[in-house]
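Spelled out, the chains give:
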Amino acid sequence: MNPADSPDRSTPVPTTSRTVLTGSDIERVLTRIAHEIIEANKGTEDLVLLGIPTRGYPLAQRLGQRIAAADPDVKVDELVGQLDVTMYRDDLRHGTSRTPAPTRIPGGGLDDKVVVLVDDVLYSGRTIRAALDALADIGRPKTVRLAVLVDRGHRELPIRADHVGKNLPTATSEKVKVRLAELDALDGEPVNEVVIEDHA
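Position labels on residues start from 1 in each chain and follow its written sequence. In keeping with the model being predicted, local features are shown solely for residues with a pLDDT of at least 70 and side-chain atom pairs are shown and tallied solely at 80 or more, while totals for entire chains, interfaces and linings include all residues. By convention in this description, side-chain values take in all heavy atoms of the structure and omit both hydrogens and water.

Per an unreviewed UniProt entry, the protein carries the name Bifunctional protein PyrR and comes from Zhihengliuella salsuginis. UniProt positions are given in the numbering used here, feature names are shortened, and annotations may be inferred rather than shown by experiment. The record in UniProt for the protein states the following under Sequence similarities (unreviewed entry): "Belongs to the purine/pyrimidine phosphoribosyltransferase family. PyrR subfamily." UniProt annotates the protein under Catalytic activity (unreviewed entry) with the comment "UMP + diphosphate = 5-phospho-alpha-D-ribose 1-diphosphate + uracil".

A.B. asks: Looking at this model, I keep getting lost on the side chain of Arg55. Mind explaining?
C.D. replies: Strands are runs of DSSP state E lasting at least two residues, helices are runs of H or I lasting at least four, and both sets are numbered from the N terminus onward. Inspection of the secondary structure assignment puts Arg55 in the loop between strand E2 (47–51) and helix H2 (56–70). What makes Arg55 buried here is its relative accessible area of 12%. Among the polar contacts listed, one links the side chain of Arg55 to the side chain of Asp184, at a separation of 2.7 Å. Only protein chains enter the calculation, and the probe is 1.4 Å; a residue is then buried if its accessible area is under 20% of its type maximum, exposed if over 50%, and partly exposed in between. Definition of a polar contact: a pair of N or O atoms within 3.5 Å, with one able to donate and the other able to accept a hydrogen when the atoms are protein atoms, and with sequence-neighbouring residues admitted only if both atoms are side-chain atoms.

A.B. asks: Just checking my understanding: could you explain the packing of aromatic side chains for this structure?
C.D. replies: Each aromatic ring pair is characterised by the separation of its centres together with the angle its planes make. Whether two aromatic rings pair depends on their centres lying within 6.5 Å, for rings of Phe, Tyr and Trp, where Trp uses its six-membered ring; planes under 30 degrees apart make the pair stacked, over 60 edge-to-face, and the rest tilted. Tallied over the entire structure, the rule returns zero aromatic pairs. When the ring centre of Tyr123 is taken as reference, the NZ or CZ atom of Arg152 above it lies at 4.1 Å. Only when the NZ of Lys or the CZ of Arg is both within 6 Å of the ring centre and within 35 degrees of the ring normal is a charge said to sit over the ring.

A.B. asks: Sorry, what's going on with the sheet that holds strand E5 (residues 143–151) here?
C.D. replies: Hydrogen bonds between backbone groups are what pair the strands of a sheet, and the pairing can be parallel or antiparallel. Taken in spatial order, the five strands make up an open sheet running E3-E2-E4-E5-E6, and their pairing is parallel. This sheet does not close on itself; its edge strands, each paired only once, are strand E3 (80–82) and strand E6 (163–167). Geometrically, the sheet is characterised by an average inter-axis angle of 25° between neighbouring strands, direction not taken into account. The criterion for strand pairing is that DSSP finds at least two bridges linking the strands in question. Here strand E4 (residues 114–122) pairs with E5 via eight bridges, running parallel. Only the stretch in contact is used when fitting a helix axis, every axis being a line fitted to C-alpha atoms; angles between N-to-C directions are given from 0 to 180 degrees.

This is the structure in structure tokens:
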């Protein structure tokens, strides 16, 4: 899921904010998802994790580290890549400005691989549709699965995740903020948490 625009004077101040996943919760959830991925694949053979920028990539790296810890033959840099979907988004025609990130595919490519797309929040499903279109231009995986930290509902396309950290029913007035130490800080300190802000 792409980061929100930087706050400015027009950005509404949230009326309420609550933490739904702490740092330790996130670590626990990622460990579970990593084991689910291995189990679903019946091992680690032909497995590729592709994180969707911005926060899907560090999540994919964390998952890759856990999978490598479970299987010493796995090397994280050969398992984990990044898939930018910017130019495949269907909101570009509406003038939405996004900065593309590099796409990095592991050396083994994607053909006949089991690709697990990794994102932070599953919402409308449009980012994942864009990811599937981007994949089709790069290679032909044997299977494509989806792992997300949070599924907040409100789908607009028939897309579902295979591996979900937390199902989180939300109102459309609420925003789900995922903060990861690789990218985010509060008061100068790295932070890991998932917060719901209500802008109603």
